[in-house]
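# Structural features, examined
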Protein chains: 2
Amino acid sequence: MSQEAQIDLDTPDTIRMSVAEATVLGEAALQRVGYSGEDARIIVDQLVDNALCGYKFAGLPRILAIAGDEKTGKARTPVKVVHETPLSALMDGGNNVGYIVAYRAAEVAIDKARKHGMASVGAYNSYYSGRNAYFVEKVVKEGFVAMHIASAKPRAVPPGAARPALGTNPLCFGFPSDNGPVIFDMGTAALMWGDIMLHAHLGQALPEGIGYDENGTPTTDANAALRGGVATFGGYKGYGLAFAVQALGLLAGAALARGEVQDYGFLFWVVDPNMMLPGGDFQRQMAELVTKIKATPRQPGVDEIRVPSERAYRERERRRKEGIVLERKVVESLKAL
Amino acid sequence: MSQEAQIDLDTPDTIRMSVAEATVLGEAALQRVGYSGEDARIIVDQLVDNALCGYKFAGLPRILAIAGDEKTGKARTPVKVVHETPLSALMDGGNNVGYIVAYRAAEVAIDKARKHGMASVGAYNSYYSGRNAYFVEKVVKEGFVAMHIASAKPRAVPPGAARPALGTNPLCFGFPSDNGPVIFDMGTAALMWGDIMLHAHLGQALPEGIGYDENGTPTTDANAALRGGVATFGGYKGYGLAFAVQALGLLAGAALARGEVQDYGFLFWVVDPNMMLPGGDFQRQMAELVTKIKATPRQPGVDEIRVPSERAYRERERRRKEGIVLERKVVESLKAL
């Protein structure tokens, strides 16, 4: 996700809210569109965290998207484990939104890793789960190393292709350290789908080489790209990663929902580092690795070498005190739900 | 690794050999520089496979590099497990070359995954292990899904840095399918270190934006980059992946060899797909995913959408019949060892 620190400007069109205020607003809105108190709490906890970390359009505005999504109106059943071993679980998401399904899968993975040192947990029959780093941080805070992927329906266009064949397929790794969690979270598409929707909404052109229209012709028109697709990032390497995430999604049961091999799947692989390195050595070494990398000599004019998640967590600390800034229109729309 | 099919030209400076001939040549050369018959067999099996798959400079010429490496002359002890649980192992590589150490780690990972459905195995106190996909294919052929990383000493320069802080740190995923293994293997540096050595050897300039000299100044001089470093690939995403691989290397014990957190570590995470999806569904779905992706509509002039490892395995089949082509000078040097 974006690497640049964001300044939160107060304008006549914005409202600044504390975490508690934003949470109440979000949970009430979700309950009015039919979510239980617990489901609303799970969803809003991530949305507020996304806003705190600087992913503005992954915050409370997403509730409007959830409310407007046709899937929200369809029948939902509780997330449940359909196949299980001591180390693994396969979970049917019951057509719940991914925010809830991936959260439940992370809980099961934590429980199994705590008991056995390792776990592989997958979930399917779901859709959009938001920010992978949110779930991985929960797992890492329990002391575990984790890999988490989310495969999806085709949006991303492989090199040489004219139509999407892969999801935007994020991949995330997380590590505990003596100085707190260190999380690396990346999408394998050249641009997040949400960013393309945002460009379309604002009438902004896409950078060159990112979008394809519905005929497979390269385009900078974001609306055309919404009907077409987005390039995978970084040539064959990004394509290969997107492919691997789609395959790992199959391991999470992606094809069991609708019989489609290109579909949503959430997979967690969790390992207790004390099983590998006894005595907390890993957490200490991770902190040292971060220190060493940050101490690397820099190019002229560069103030700092940042490590993954550092910017997000620094901004989160700041916004916990300063509050988060929402568009007045978004707040009004949420209240009107 | 390279995506382009290679033509093997016979010239007065080349010798064409069968797999059997190349194997005898390689094993004899390694035994003359002090490797046991079994170690020589393990190393040459990979080198011949690399040559068959089209990674020419990862083939038998590597024996000359091994013979010339100062580490080869140093004391070696057999690879051994130093810490173990039913699901995990930490292995001391005994200063053996990575070809042997990662091979032994893969064997242990296969054994544990066969018994328990899942395994995490790491190895340290080693160096250069060659091509990750080779080891992962061995694991996948036993029916398992695998992730494998190899962290290394600093060669790769993070964005904004003037000195290397990360290894070239390859990351590899492998999947069994009804049509055979599907493996994705990538380096996280902008160019493989071996490619930079090759450019230096041939006196070729590097592409722009790849190399840094020992002062951190961007350079296209490959010899200067050997004393400096190589950029991580793909901006912050590639840097983040390289970081994650270095962290996973710590989980493999990387820091236990020399007390350095930026060092060699080989990690395997192995999962039995039947533990997740009973009844061989995963292997069938993987084959279908490959078929679906290959059937994606193409850009004008594009003959084929390839999936990871497809080119390499196609070339391997061809070269098994046609033989591999070696430089006459390399063959003579190997015979003279």
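This is a predicted model, so every value here is computed, not measured.

## Points about unusual backbone geometry
Residues and elements named next belong to chain A. At N125, a position not held by glycine, the phi torsion is positive, near 55 degrees. Examined against the element boundaries, N125 turns out to sit in the loop between β4 (118-124) and α6 (132-141). Notably, N169 is not glycine yet its phi reads approximately 40 degrees, a positive angle. In this structure, N169 sits in the loop between β6 (156-157) and β7 (171-175). According to the relative accessible area criterion, N169 is buried, its value standing at 0%.

## Structural notes on the confidence of the model for chain A
Averaged over all residues, the pLDDT of chain A equals 95, while 98% of them reach at least 70. Both confidence scores are given for the complex: pTM 0.97, ipTM 0.97.

## Structural notes on the relation of the copies chain B and chain A
Note on the identical chains: chain B maps onto chain A by a rotation of 180 degrees and an axial translation of 0.0 Å, with an RMSD of 0.0 Å. Viewed as a symmetry operation, the transformation between the two copies matches a two-fold axis. Among all residues of chain B, the one whose C-alpha sits closest to the rotation axis is G234 of chain B, at a distance of 2.9 Å. An overlap of 100% is found between the interface residues of chain B and their copies at the interface of chain A, pointing to a shared contact surface.

## Brief notes about helix α9 (residues 235-251) of chain B
Residue and element names in this part refer to chain B. Between the first and last C-alpha of α9 there are 25 Å, a value that for 17 residues agrees with the 24 Å anticipated at 1.5 Å per step. Along α9, 14 of the 17 residues are buried, which leaves the element largely enclosed by surrounding structure. Backbone geometry just downstream of α9 places G253 in the positive-phi region, at approximately 95 degrees.

Here is what the cut-offs are and how they apply
Residues numbered from 1 in each chain as written. Chains lettered and ligands numbered in written order. Predicted model: local features only at pLDDT ≥ 70, side-chain atom pairs only at ≥ 80, totals over all residues. Heavy atoms only, no water. Helix = DSSP H or I, 4+ residues; strand = E, 2+ residues; numbered from the N terminus. Buried < 20%, exposed > 50% of the residue type's maximum accessible area, 1.4 Å probe, protein only. pLDDT = per-residue confidence, 0-100. Least-squares fit on C-alpha atoms with pLDDT ≥ 70 in both. Contact = heavy atoms within 4.5 Å. Expected span 1.5 Å × (residues − 1).

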